[in-house]
Amino acid sequence: MRITLSVNGREHPLEVEPRRALADVLREDCRLTGTHLGCELGVCGACTVLLDGEAVRSCLVLAVQCDGRSIRTVEGLAGPDGRPHPLQEAFSAEHALQCGFCTPGFLMVAAAALEDDPGLADDPERLEAVVGSNLCRCTGYTPIHRAVVRAARARAGRIGRREHTLHDEPEGRDADGS
Amino acid sequence: MKLPAFDYLAPATVGEAVDALAAAGRDARVLAGGQSLLLDMRLGRARPDALVDINGITGLGQVRVEEGALVAGALVRHRAFESAGVAPGPLGRLLSLAVADIAHPPIRARGTMAGSLAWAHPASEWCAMAVALDAEVELRGPAGERVAAARDFFLGPHATARAPAELITAVRVPLLDAGTGVAFAEHRRTAFCFAQVAVVTALTVVDGVVAGARIGLAGCADRPVRARAAERSLLGAAAAPPEGGGTPPPGHPFAQAGRIAAEHDAAPVAEPYADPEYRRQAIAVLVARTLSGAVADLRAHGEADREAGGAR
């Protein structure tokens, strides 16, 4: 089938078999290998991408279902000038990754949640659901939790005058993780 | 594994979808959210010749309140139920409580309530909710439209009264009256596991006494179960959780109802990590807990429900 995927703002006209998952087409046809495939069963979440702004498992969506729709992958997070997304900076600052395999999925699920709900950091239940969406076998999740809170606060311009945080750092530490 | 080849059909109308499903000589499956179907295909448990993708059909994605019921079209995603405002009164609260335990946000963004009913997994939260609340399934097939009551719909694991050429077009869930408290409880090994046991409860109280009870059980038999014996045992009982909270002690009407649900209503199936005795214990505890929870919900929201003029 002939389809067109709009990935990170760029149109990709493609010829794909219906049986192929969005994740495989992103990696093999669009050559965007930042999206990782772990379990391919919708469990681990490493393949999470944004489909029309909503976080989905790209292993459980067919590429042909995305014809004409807008997809954002981890490659589309950084700004046009190459500056990392606040989430990427926060993940770095909080050491929210070790091996990095799960990181693209966590970044995308968190990016969708933050865009949907800028007050995410103040909603522990929602935050828990977001961080609990994917599997990480290195970090124990706590640093990821901290990173998402940090990014949410940075986005809200509240770094430096936080009412409460999961992990208070000494004053003077670089606030934006740069 | 990667998916095997299949024919992909993307009808634009319900009629075309039914025609595609009815086309002779092939095993065609409906692709809605795909979060269970594509998973089953990856595991080799389903190998359809054709997928009929209904995502392009307009009008199936609407959720509305109509004639005392919440009507959710076949493409309404789980996510739509995350807000208690999806339905007025206790029903909206119950749906929002239950949906929080259905997979994770990215799965809930795709998966659908109608799809859960069609898939009919014995541990499905929506299926238990459907039997507890007397939901109805609207179907369209080659012979026209029909409505199936949830109590007649589930025939076993992944087996329903839906004919292969029928499409579920909507799920109709009756609203719950003001004066009803709701609760949901689920027991599972980890946040990534299916429910070992889940309980959906709606308790109607008049003058401090239980006047109506609806209890749905997931993971308690080869299909969703309505715990009718437990419900009967509660009628006329004082709607009073134990003093100081906590699990109702033996002898308390809520604990007795839990025991009855476990012994008489449930027919647990042995599974790794959950043999029938273990499940019966979990059922008894969870049912008792949801009954206390339903009274607490009513105390917290009953007044507001009543001021909103009842749900209907």
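As the structure is a computational prediction, the values presented were derived from the model and not from experiment.

Draft legend 1. Quick peek at the sheet that holds strand β5 (residues 70–72) of chain A. Residue and element names in this part refer to chain A. The strand order across the open sheet built from five strands is β2-β1-β5-β3-β4, with neighbouring strands paired in mixed fashion. Lying at the two open borders of the sheet, with one neighbouring strand each, are β2 (10–15) and β4 (54–57). Strand-to-strand, the axes of this sheet are offset by a mean angle of 40°, without reference to chain direction. Bridge count between strand β3 (residues 48–51) and β4: four bridges; the pairing is antiparallel. What sits directly across from Val49, in β4, is Val56.

Draft legend 2. Inspection of the sheet that holds strand β1 (residues 7–9) of chain B at higher detail. Residue and element names in this part refer to chain B. A sheet is described by the order of its strands in space; here three strands give the open sequence β1-β3-β2, paired in parallel fashion. The open sheet has two free edges, formed respectively by β1 and β2 (28–31), since each of these has just one partner strand. Here the average twist between neighbouring strands, direction ignored, is 25°. Here four bridges tie β2 to strand β3 (residues 50–53), and the two strands are oriented parallel to one another. Bridge pairing in β3 places Arg29 opposite Leu51.

Draft legend 3. The arrangement of the nonpolar core in detail. Residues and elements named next belong to chain B. Ile54, Leu117, Leu217, Ala261, Ile283 and Val287 are the most contacted members of the largest nonpolar core, which totals 162 residues. The element that contributes the greatest number of residues to this core is helix α10 (residues 276–307), accounting for 11 residues. Ignoring any residue separated from it by four or fewer positions in sequence, one finds Ile54 in contact with Ala17, Val30, Leu31, Ala32, Leu60, Ala74, Leu75 and Leu167.

Draft legend 4. Representation of the pairing of β3(A) in the model. All names here are of chain A. Here β3 shows no split at all, with Thr48 and Leu50 on one side and Val49 and Leu51 on the other all buried. Connecting β3 to the next strand, β4, in antiparallel fashion are two residues, including Asp52 with a positive phi near 50°. Here two bridges tie β3 to β5, and the two strands are oriented antiparallel to one another. Among the inter-strand pairings, Leu50 is bridged to a residue of β5, identified as Arg72.

The rules behind the values
- Residues numbered from 1 in each chain as written.
- Chains lettered and ligands numbered in written order.
- Predicted model: local features only at pLDDT ≥ 70, side-chain atom pairs only at ≥ 80, totals over all residues.
- Pairing = 2+ DSSP bridges.
- Helix = DSSP H or I, 4+ residues; strand = E, 2+ residues; numbered from the N terminus.
- Axes fitted to C-alpha atoms, helices over the stretch in contact; angles between N-to-C directions.
- Core = buried A, V, L, I, M, F, W, Y, C linked by C-beta atoms within 7 Å.
- Buried ≥ 20, exposed ≤ 12 C-beta atoms within 10 Å, placed from the backbone.
- Contact = placed C-beta atoms within 7 Å.

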